[in-house]
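Summary of the model geometry
Letter by letter, the chains look like this.
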Amino acid sequence: MLMYSLKMRRIQMFRIGRWFCQITLAGIVAGCATQSLPPQAQKPVNCSCPAPEEKPAEKPPALPLLEKSSFSQLPGWANTQGQKATLNAFIAQCGVLQRRKATPAGLVEMCKRASSLNTDEEARNWMEKELDVWQLQQEDGRKEGLLTGYYEPLLNGARKPGGRFGVPLYGVPSDLITVKLDELVPELKGKRIRGRIEGNTLVPYYDRAEWETNVGPQRGKVLVWVDDKLDAFLLQVQGSGRVKLPDGSEIRLSYADQNGYPYKAIGRVLVEWGELTTAQATIPGIRAWAEKNPTKVDKLLNNNPSVVFFAENTVLSPEQGPIGALGLPLTGEFSLAVDRSLVPYGALMWLDSTNPLNQKPIQHAALAQDTGGAIRGRVRADYFWGTGHAAGEAAGKTRQTLRLWLLWPKGVDLPKTAND
């Protein structure tokens, strides 16, 4: 256990605050254009009084996250099949929800009341009787948001380096330390930082450039070697995946930890460099660029300082999806990653969007079973497409307009995360 003197505690909290400020300022610099000051008002002739100051326009107060809706307003509700499977999938996560302290009590009670039903019609009737419908909206009342996609990659690799297998995927480093900030400052509930000890001081952990160039090759715990640097990077972005070995067997890698730096999208970097247009900055577009510019790949990847570390998963069967943040296997075209500060894990959702490959509607129930560093905002979700190359193609092209609803137990207070 680290023993902090009062002086050291102040120093550490100053550094923690500085890290958060740096992250916040980075986001502001990246997202804001330069603003010129408003011109001063002209003084009337023969008036010695100063010009009146212009007051900035007041921003209207943010509207509530949730607006009451109804099942009749859910696109595709009357025609969609699979409500029996939806309800059964919700029931299957009940045990995990009851063990999680952060799960709203109303969601746990709904799990206890739910029961397996025989037909889609019975399940639909049960849901209409037991649930209220709330539509998520932006602060200004707009109902549209963004749907992106993710998937479980399938890579080629080997247990030992050699030949084309020369790109390492790492386990959790022994010197990586995670600090839950609410144990120091209760107001920082749910916040955490990661770092390493240097002398008697906690300092930021190595960023991607430092890790890949100097630290990892010397001290990292390599789990497997793969044949493509961009695929290895995309596996870190997705957070889990499979690696096919030369003998045809597969190993599964699950997210274990991260170096503490925020994720930066490399597609956006290529747009900033003028290498791709926004429309071209998809996974297929980035892959094509990397094939034409192999000497620039390291520079591109190092623009994202985040590094993800893995653990080998020997529990999941081949038929199951990867483990999500809820702690359960994800289901292709059914599991969603959401902003966990707004939507509780395990919540039953309804989405309305389109398939980027054929423009057909995506209108069905889903479960909030995962989260992600880039999934932030009110009407925002990441759609899990499944495993393999076809799922990867769909995920890489998913950037669709989204409308999103929360299906919540009747008579139960809305989750605190949704009211805050």
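Cut-off values and rules
- Residues numbered from 1 in each chain as written.
- Predicted model: local features only at pLDDT ≥ 70, side-chain atom pairs only at ≥ 80, totals over all residues.
- Heavy atoms only, no water.
- UniProt positions renumbered as here; feature names shortened; annotations may be inferred.
- Helix = DSSP H or I, 4+ residues; strand = E, 2+ residues; numbered from the N terminus.
- Buried < 20%, exposed > 50% of the residue type's maximum accessible area, 1.4 Å probe, protein only.
- Contact = heavy atoms within 4.5 Å.
- Areas by Shrake-Rupley, 256 points an atom, 1.4 Å probe, with all protein chains shown as cover.
- Pairing = 2+ DSSP bridges.
- Axes fitted to C-alpha atoms, helices over the stretch in contact; angles between N-to-C directions.
- Phe/Tyr/Trp six-rings, centres within 6.5 Å; stacked < 30°, edge-to-face > 60°.
- Lys NZ or Arg CZ within 6 Å of the ring centre and 35° of its normal.
- Disulfide = S-S within 2.5 Å.
- Arc of directions from axis to C-beta.
- Patch = residues over 30% accessible without salt bridge, like charges linked within 9 Å, V, L, I, M, F, W, Y side chains within 5 Å.
- Salt bridge = Lys/Arg side-chain N within 4 Å of Asp/Glu carboxyl O.
- Lys, Arg positive; Asp, Glu negative; His and termini not counted.
- Charge placed at Lys NZ, Arg CZ, Asp CG, Glu CD.

- If you check an unreviewed UniProt entry, the protein appears there as peptidoglycan lytic exotransglycosylase from Limnobacter humi.
- Under Catalytic activity (unreviewed entry), UniProt gives the following word-for-word description of the protein: "Exolytic cleavage of the (1->4)-beta-glycosidic linkage between N-acetylmuramic acid (MurNAc) and N-acetylglucosamine (GlcNAc) residues in peptidoglycan, from either the reducing or the non-reducing ends of the peptidoglycan chains, with concomitant formation of a 1,6-anhydrobond in the MurNAc residue."

**Some remarks on the overall build of the protein**
- Across its full length, the protein carries 12 helices and 17 strands.
- By residue count, 45% of the 420 residues in the protein fall in the buried class.
- Within the protein, counting contacts between residues at least 6 apart in sequence, those at least 24 apart form 75% of the total.
- As displayed, the protein has an accessible area near 23,300 Å², and 52% of this comes from carbon and sulfur atoms.

**Quick notes on the sheet that holds strand β8 (residues 201–204)**
- In space, the three strands of this open sheet follow the order β6-β7-β8, with antiparallel pairing throughout. Looking at strand neighbours, the two that pair on one side only are β6 (177–180) and β8, the edges of this open sheet. On average, each strand axis in the sheet is tilted by 55° relative to the strand beside it, whichever way the strands run.
- Sheet topology note: the β6/strand β7 (residues 192–198) ladder contains four bridges and is antiparallel. Across the sheet, residue Val179 finds its bridge partner in β7, namely Ile193.

**Considerations on the packing of aromatic side chains**
- For the structure on display, the rule yields nine aromatic pairs.
- Judged by centre distance (4.6 Å) and plane angle (45°), the rings of Phe71 and Trp77 are tilted.
- Classification of Trp77 by relative accessible area gives buried; the value is 4%.
- Ring centres 5.0 Å apart and planes at 70° place the aromatic pair Tyr205 and Tyr206 in the edge-to-face group.
- Geometry around Trp134 places Lys68 over its ring, the cationic atom sitting 5.5 Å from the centre.
- If you follow Arg124 out to its NZ or CZ, it ends over the ring of Trp77, 5.7 Å from the centre.

**Structural notes on the state of the cysteines**
- Across all of its chains, the model carries one disulfide by this definition.
- Linked covalently through their sulfurs, Cys94 and Cys111 form a disulfide whose S-S length is 2.2 Å. On the sign convention where negative is left-handed, the bridge of Cys94 and Cys111, at about -90° about the S-S bond, is left-handed. Here the residue Cys94 occupies a position in helix α3 (residues 94–99), and Cys111 occupies one in helix α4 (residues 105–113), the gap between them amounting to 17 residues.
- For Cys94, a relative accessible area of 7% translates into the label buried.

**Some words on the sheet that holds strand β12 (residues 308–313)**
- What the six strands build is an open sheet, ordered β5-β9-β4-β10-β11-β12; its pairing is mixed. A strand with exactly one partner marks an edge of an open sheet, and here the two such strands are β5 (167–170) and β12. If you compare each strand with its neighbour and ignore which way they point, the axes differ by 45° on average.
- Here strand β11 (residues 250–258) pairs with β12 via six bridges, running antiparallel. Among the inter-strand pairings, Gln258 is bridged to a residue of β12, identified as Val308.
- Here helix α7 (residues 229–238) sits on the sheet and contacts β4 (154–158), β5, β9 (222–226), β10 (241–244), β11 and β12; the angle it forms with β5, its principal contact strand, is near 15°.

**Brief notes about helix α2 (residues 83–92)**
- Looking at α2, one finds that the buried residues are Gln83, Thr86, Leu87 and Phe90. The buried residues of α2 all sit within an arc of 95° when viewed along its axis, so they share a single face.
- Contact partners of the buried residues in α2: α3, α4, α5 (120–130), β14 (348–354) and β15 (361–370).

**Considering a positive patch on the surface**
- A surface patch of like charges, here positive, comprises Lys180, Lys191, Arg192, Arg340 and Arg376.
- Its place among the elements puts Lys180 in strand β6.

**Quick word on the pairing of β14**
- The element β14 is extensively covered by neighbouring structure, given that six of its seven residues are classed as buried.
- Alignment of β14 against β15, held across seven bridges, turns out to be antiparallel. Paired with Thr354 across the strands is Pro361, a residue of β15.
- The turn joining β14 and β15, which pair antiparallel and follow one another in sequence, is formed by six residues; a positive phi near 65° is taken by Gln359.
- In this sheet, strand β17 (residues 399–409) lies alongside β14 in antiparallel orientation, the contact comprising five bridges. Looking at β17, one finds that Met349 is bridged to Leu406.

**Some words on the pattern of salt bridges**
- Taken as a whole and judged by the stated rule, the model has 18 salt bridges.
- A salt bridge links Glu130 to Arg113; the shortest N-O distance between them is 3.2 Å. Placement of Glu130 in helix α5 and of Arg113 in helix α4 is noted, with a sequence separation of 17 residues between them.
- Given the relative accessible area of 17%, Glu130 is considered buried.
- Salt bridges sharing common partners tie together Glu152, Arg242, Glu250 and Arg252.

**Description of unusual backbone geometry**
- Unlike most non-glycine residues, Glu333 shows phi in positive territory, near 60°.
- The topology assignment puts Glu333 in the loop between β12 and β13 (335–337).
- The residue Gln359 is not glycine, and still its phi comes out positive at about 65°.
- Along the polypeptide, Gln359 turns up in the loop between β14 and β15.

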